[in-house]
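Listed here are the chains, written in short residue letters.
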Amino acid sequence: MKLTLLEILPIANNNYVAFTFFIGCMAMMAASVFFFFEVSNTAKKWRTSVLVSGLITFIAAVHYYYMRDYNLATGQSPTFFRYVDWLLTVPLMCVEFYLITKKAGAKIGLLWKLIAASVFMLVTGYIGEAIYPTEKQSWIWGFVSGLAYFYIVYLIWFGEVAKLAAGAGAAVAKANKTLAWFVLVGWAIYPIGYIAGTEGGLFGMRVLEGLSLDIVYNIGDAINKIGFGLVIYALAQTEKTELAS
Ligand SMILES: *C/C=C(C)/C=C/C=C(C)/C=C/C1=C(C)CCCC1(C)C
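Owing to the predicted nature of the structure, the values given are computational and were not obtained by experimental measurement.

Scoring rules and cut-offs
- Residues numbered from 1 in each chain as written.
- Predicted model: local features only at pLDDT ≥ 70, side-chain atom pairs only at ≥ 80, totals over all residues.
- Heavy atoms only, no water.
- Helix = DSSP H or I, 4+ residues; strand = E, 2+ residues; numbered from the N terminus.
- Rg over C-alpha atoms; globule rule 2.2 N^0.38 Å.
- Contact = heavy atoms within 4.5 Å.
- Areas by Shrake-Rupley, 256 points an atom, 1.4 Å probe, with all protein chains shown as cover.
- Lys, Arg positive; Asp, Glu negative; His and termini not counted.
- Charge placed at Lys NZ, Arg CZ, Asp CG, Glu CD.
- Core = buried A, V, L, I, M, F, W, Y, C linked by side-chain atoms within 4.5 Å.
- Buried < 20%, exposed > 50% of the residue type's maximum accessible area, 1.4 Å probe, protein only.
- Near = heavy atom within 4 Å.
- Nonpolar A, V, L, I, M, F, W, Y, C, P; charged D, E, K, R; others polar.
- Salt bridge = Lys/Arg side-chain N within 4 Å of Asp/Glu carboxyl O.
- Expected span 1.5 Å × (residues − 1).
- Polar contact = N/O pair within 3.5 Å; in protein donor to acceptor, adjacent residues only side chain to side chain.
- Phe/Tyr/Trp six-rings, centres within 6.5 Å; stacked < 30°, edge-to-face > 60°.
- Lys NZ or Arg CZ within 6 Å of the ring centre and 35° of its normal.

1. Some remarks on the overall build of the protein
Counting secondary structure elements, the protein contains eleven helices and zero strands. A globule of 245 residues ought to have a C-alpha radius of gyration of about 18 Å, and the protein, at 19 Å, matches this closely. Principal axes of the C-alpha set define a box for the protein whose edges measure 60 × 35 × 25 Å. In the protein, 75% of the contacts between residues at least 6 apart in sequence involve partners at least 24 apart. For the protein, the exposed surface amounts to about 12,000 Å²; the carbon and sulfur share of it is 73%. Here the protein contributes 17 positively and 14 negatively charged side chains, and the mean placements of these two sets differ by 12 Å.

2. A look at the nonpolar core
Phe-97, Leu-114, Met-121, Ile-152, Val-183 and Trp-187 are the most contacted members of the largest nonpolar core, which has 66 residues in total. Counting residues per element, this core draws most heavily on helix H5 (residues 79–102), at eleven residues. In this structure, Phe-97 is in contact with Leu-114, Ile-156, Val-161, Asn-176, Leu-179, Val-183 and Phe-228, ignoring residues within four places of it in sequence.

3. Looking at the site of the ligand
As a structural note, the neighbourhood of the ligand is formed by 18 residues, with Trp-86, Met-121, Ser-145, Tyr-190 and Lys-225 the closest of them. A total of 530 Å² of accessible area belongs to the ligand in isolation, and the protein chains cover 99% of it. Among the secondary structure elements, those contributing two or more residues to the shell around the ligand are H5, helix H6 (108–131), helix H7 (138–157), helix H10 (189–197) and helix H11 (212–244). Of the residues contributing to the shell around the ligand, the split by class is eleven nonpolar, five polar and two charged.

4. A closer look at the pattern of salt bridges
Applying the stated criterion across every chain yields a total of five salt bridges. When the shortest N-O distance is used, the salt bridge between Arg-82 and Asp-214 registers 2.8 Å. Residue Arg-82 is located in helix H5, and its partner Asp-214 is located in helix H11; the two are separated by 132 residues in the primary sequence. Across the pair Asp-221 and Arg-82 runs a salt bridge whose closest N-O atoms are separated by 3.6 Å. Of this pair, Asp-221 sits in helix H11 while Arg-82 is found in helix H5, placing the two residues 139 residues apart along the sequence. By relative accessible area, Asp-221 is classed as buried at 0%. The exposure class of Arg-82 is buried, given its relative accessible area of 2%. Ionic contacts of the salt-bridge type, sharing partners, join the residues Arg-82, Asp-214, Asp-221 and Lys-225 into one network.

5. Regarding the environment of Gly-125
Mapped onto the secondary structure, Gly-125 falls in helix H6. For Gly-125 and Tyr-83, which are 42 residues apart along the polypeptide, the C-alpha to C-alpha distance reads 8.9 Å. Those residues within four positions of Gly-125 in sequence are excluded, and the remaining contacts are Tyr-83, Ser-145 and Tyr-194.

6. Regarding helix H3 (residues 16–38)
With 23 residues, H3 should reach 33 Å at 1.5 Å per residue; the first-to-last C-alpha distance of 32 Å fits that figure. What H3 keeps buried is the set Val-17, Ala-18, Thr-20, Phe-21, Gly-24, Cys-25, Met-28, Ala-31, Ser-32, Phe-35 and Glu-38.

7. Remarks on the side chain of Thr-42
Within the secondary structure, Thr-42 sits in the loop between H3 and helix H4 (47–74). A polar contact of 2.7 Å, which involves the side chain of Thr-42, links it to the backbone oxygen of Glu-38.

8. What to know about the packing of aromatic side chains
Counting across every chain of the model gives 20 aromatic pairs. Here Tyr-65 and Tyr-66 contribute two aromatic rings whose centre-to-centre distance is 6.1 Å and whose plane-to-plane angle is 85°, an arrangement assigned as edge-to-face. You can call Tyr-66 partly exposed: its relative accessible area is 46%. Ring-pair connections join several aromatic residues into one group, and the members of that group are Tyr-65, Tyr-66, Tyr-70, Phe-80, Phe-81, Tyr-83, Trp-86, Tyr-126, Tyr-190 and Tyr-217. Residue placement shows Lys-103 over the ring face of Trp-46; its charged tip is 4.4 Å from the ring centre.

9. Quick look at the side chain of Asn-176
By secondary structure assignment, the location of Asn-176 is in helix H9 (residues 170–186). Not counting chain neighbours up to four residues away, the residues in contact with Asn-176 comprise Phe-97, Ile-100, Ile-156, Val-161, Ala-162 and Ala-165.

As structure tokens, this is what we get:
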């Protein structure tokens, strides 16, 4: 479907999809500037973590800039850019879990497990959403993707990450609990959107039509990238006050 310029230009009027891309881009940019500047205001041992928070929102800001353009120019979902963004930022979120548990003995193998599971989750999700988005196929790919998702949830709630975080001091344990909720509830926004928005996602029932899936994903990204980064930032700040007092 080709939209005319007049149909796509009035972002603020009625094009809610374009509007959420626009506001998402601004929010990611602002968050990146904040995290980058705060690195120098952070205790040394937490600097890399806060820097990674900034990289996550920065990578997203650049993708949102392109996705906003793509969506305005074509009137379509920028699914490809979306998944490239996730393929870079979700593994970086795994890096955050590794960094906060490293002092308690996290091995590099744990990082690879988390990264491998997240890449598997995203590649199979992409196949179901963009390559075979059919009634017969998308629920299978979504289901397989979900297995990897639950493996990540398991590692963070009960597995290696949880055990290491529990032994890494009260601040890290608390931050890990909050991040674990992000992964269980915040990340669940995506599969719920997928189920509602792809043909065959919910055994053939499609609730979200057209571009509404983008709005769901955009809200999810704002919560999960900026909120997640702020939890890391708060952790870095508690350690600082502990040192000062
Ligand atoms: C910043 C981006 C984030 C945190 C993206 C997370 C994406 C997911 C957790 C996606 C999960 C999916 C499933 C569990 C099944 C259906 C397909 C996906 C890819 C939407």
